[in-house]
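A closer look at the structure
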Amino acid sequence: MLPVETALDRLHAALDGFGPVGTEDISLLEAAGRVLAAPIVARYTQPPQAVSAMDGWAVRSQDFGATPLSLQIVAEIAAGHPWDGTLKAGEAARIFTGAPLPTGADTVVIQENADRDGETVRLLSLPPPGKNVRAAGLDFRAGDTVAQADARLTGRRIGVIAAAGHPWVTVRRRPRVAILATGDEVRRPGDPLAPGQIVSSNSYALAALIRSFGGDPIVLPIAPDTLAGIADAAEKARGCDLLLTTGGASVGDHDLVREGLGAAGLEVDFWKIAMRPGKPLIFGRFRDVPFLGLPGNPVSSVVGALLFVKPVIERLLGLPRQDLVPVLMPLAVDLKENDDRQDYVRARRVEGGVAPLPVQDSAMMSALADADGLLVRPPFDPARRVGEKMPVILFPQGSLPA
Ligand SMILES: Nc1nc2c(c(=O)[nH]1)N[C@H]1C(S)=C(S)[C@@H](COP(=O)(O)OP(=O)(O)OC[C@H]3O[C@@H](n4cnc5c(N)ncnc54)[C@H](O)[C@@H]3O)O[C@H]1N2
Ligand code: MOO
C-alpha cells in the first residue's frame, strides 16, 4: 500500500504529462469559479479621476485658517455630473460621495462639520489637507494587471475585472469527466430495482463534486461485472479529459476494472493506498487521458474524489498543486491508536472541539452527509486524549464561499 503523500506525489508527477485543457471566451457574468487562461490588464483607471469619498464640501486647503471659515458656494457636483469649472480662493463646491473633485479643490469637509447659510458655507472644523479625497488610480490604473492567469475567479475578483472594463474573459473550458459506474447490482436512478439492486448514488455524488471542482461531469451507462462489459462501456468515454470509474476496484472475483479496462488501453500507475476509506483506489492512464478508479463504497468514492479527483481537475485547469489544508482542532473525546492506514474519520464540531461520528462504515452515506469534516489520523497515530489538537479537513458548509 502506498502512503497517501507518495500517491499524491506520483499523481502530480504523472499530471505533468497532461497539458491544461483548451480555452473559451465567456461572459464575466458566468465566470464565477472558472479559471482565467490569460492575465487581465485594466482598460480603465479606477477611480478615473480624483473623487470625493464623502458627502460635504470640496474646498482648497490653501484657504484654511481659523475656524469657523466662510466660503462662497459656486457649484454643486453629484456622482456622474462633473463640474468643469475651477475652484478659486474663498470658494467651495457642494459635493457628494463618488463625485469628481473640481480643479483647484484638494480636500472635502464632511457636511456634519459645516453649516450652509444661503450662498455661503461655514466650516466648523478643518480636516488635514487631502482628507476625504480618493486620488485618480487609487485602486488601479489602465495597464495594470488586475488578475493573474491560472487564478480561480471569485466574486471579489470578478468585481475588479468588471471595473477594469472586461465584460468577457478567456477561461479554461471545464474538463469533461466521464463517470463510469460498474456493478451488476447498481442501476441508474429512477430505474426499477429488482431484489438485491441499489441506486448508483455514487454517480450523483461524484457528478456534484466534479462540478464543484470545476469539471463537467458526464454520466455514462452503468457497466456490468464482466470484462467485456467494462471495456465496452469505456468506449463511450471517448472525448473526455478524465475517466473515472466507481466500484470493481478491489480484489474480489467480480472486481474487474483493472483487467477489463487493461484490455482496452488502461495502464495502471498505482493501486492500493494506505488510507481508510479508499484503499483500493487505482490511478493510471486510459489511452491519452488520466484515469482514476474509485472504490464502490460510497464514502470511499467521495473521500477518494476529494483527495484525488479534485487535484486532477485542478491540474487539467492549469492550476498549480494545492493540497487540502486541514485546520487543527482539539479533540472532544479520546481516540484509540490507529493502524497502518491514514484514517479520514468522519467527524463533527461539538462543544470542546471535534468528535468522530459513532459509525465509520464506508457504506454510511448519511454519516458522511452529516459530517462537518474529516479528522485526519496518520498511520500508526498513537492513542489521543481529549484536548489534543488534530488536523481536520473541514467541509465548506457554514463558512463564506469565495
Ligand atoms: N477481501 C477483501 N475485500 C475487500 C477489500 C480487501 O482489501 N480485501 N477492500 C475493501 C475495501 S477497503 C473497499 S473500499 C471495497 C471496495 O471495493 P470495490 O471498489 O471493488 O467496490 P464494489 O465491490 O464494486 O462495491 C463496494 C460496495 O459499494 C457499492 N457500490 C458500488 N458501486 C456503487 C455505486 N455506483 N453507487 C452506490 N453504491 C455502489 C456496492 O454495492 C458494494 O456494496 O472492497 C472491500 N472489500
Ligand atoms: O477503505 Mo474501503 O475504502 O473500507 O471503504
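Model, not experiment: these values are computed from the prediction. (Residues numbered from 1 in each chain as written. Chains lettered and ligands numbered in written order. Predicted model: local features only at pLDDT ≥ 70, side-chain atom pairs only at ≥ 80, totals over all residues. Heavy atoms only, no water.)

**Points about the packing of aromatic side chains**
- Taken as a whole and assessed by the stated rule, the structure comprises 2 aromatic pairs.
- An aromatic cluster of at least three residues, connected via ring pairs, comprises Phe270, Phe283 and Phe308.
- A cation over a ring is seen here: Arg258 above Trp271, with NZ or CZ 3.5 Å from the ring centre.
- Sitting above the plane of the Trp271 ring, Lys272 keeps its charged end 4.3 Å from the centroid. (Phe/Tyr/Trp six-rings, centres within 6.5 Å; stacked < 30°, edge-to-face > 60°. Lys NZ or Arg CZ within 6 Å of the ring centre and 35° of its normal.)

**With respect to the domain arrangement of the chain**
- In terms of domains, the chain is made up of domain 1 (4-21 + 174-316), domain 2 (25-44 + 144-172), domain 3 (51-134) and domain 4 (327-394).
- Here the C-alpha centroids of domain 3 and domain 4 sit 61 Å apart. (Domains from an automatic or database assignment.)

**Some thoughts on the site of ligand 1**
- Of all residues adjacent to ligand 1, which total 22 residues, the nearest are Glu185, Gly248, Ser250, Lys279 and Gly296.
- Asp255 places a polar side-chain atom, nitrogen or oxygen, 2.9 Å from an oxygen atom of ligand 1.
- Using a 2 Å cut-off from the grid points, one finds that ligand 1 occupies the second largest pocket.
- Every element with two or more residues in the shell around ligand 1 is listed here: β15 (198-199), α3 (201-213) and α6 (298-316). (Near = heavy atom within 4 Å. Polar contact = N/O pair within 3.5 Å; in protein donor to acceptor, adjacent residues only side chain to side chain. 1 Å grid on protein atoms, 1.4 Å probe; cavity = no way out; pocket = protein on both sides within 12 Å on 5 of 7 lines; lining within 4 Å. Sits in = over half its atoms within 2 Å of the grid points. Helix = DSSP H or I, 4+ residues; strand = E, 2+ residues; numbered from the N terminus.)

**Let's talk about the pairing of strand β21 (residues 289-294)**
- The buried count for β21 comes to 6 of 6 residues, which makes it a mostly enclosed element.
- Where strand β17 (residues 242-246) meets β21, 4 bridges bridge the pair, whose relative direction is parallel. Residue Leu244 lies in a different strand from β21, and its bridge partner there is Leu292.
- As defined by bridge partners, strand β20 (residues 282-286) adjoins β21 across 5 bridges and the pair is classed as antiparallel. The residue bridging Phe283 from the neighbouring strand is Leu292, located in β21.
- Turn length for the β20-β21 hairpin, with the two strands adjacent in sequence and antiparallel, is 2 residues, and the turn residue Arg287 shows positive phi of about 55 degrees. (Buried < 20%, exposed > 50% of the residue type's maximum accessible area, 1.4 Å probe, protein only. Pairing = 2+ DSSP bridges.)

**Regarding the site of ligand 2**
- Around ligand 2 lies a shell formed by Pro277, Gly278, Lys279, Asn297, Ser300, Arg341 and Ser362.
- Residue Ser362 places a side-chain N or O atom 2.5 Å away from an oxygen atom belonging to ligand 2.
- Spatially, ligand 2 is embedded in the second largest pocket.
- When its residues are assigned to classes, the shell around ligand 2 shows 1 nonpolar, 4 polar and 2 charged. (Nonpolar A, V, L, I, M, F, W, Y, C, P; charged D, E, K, R; others polar.)

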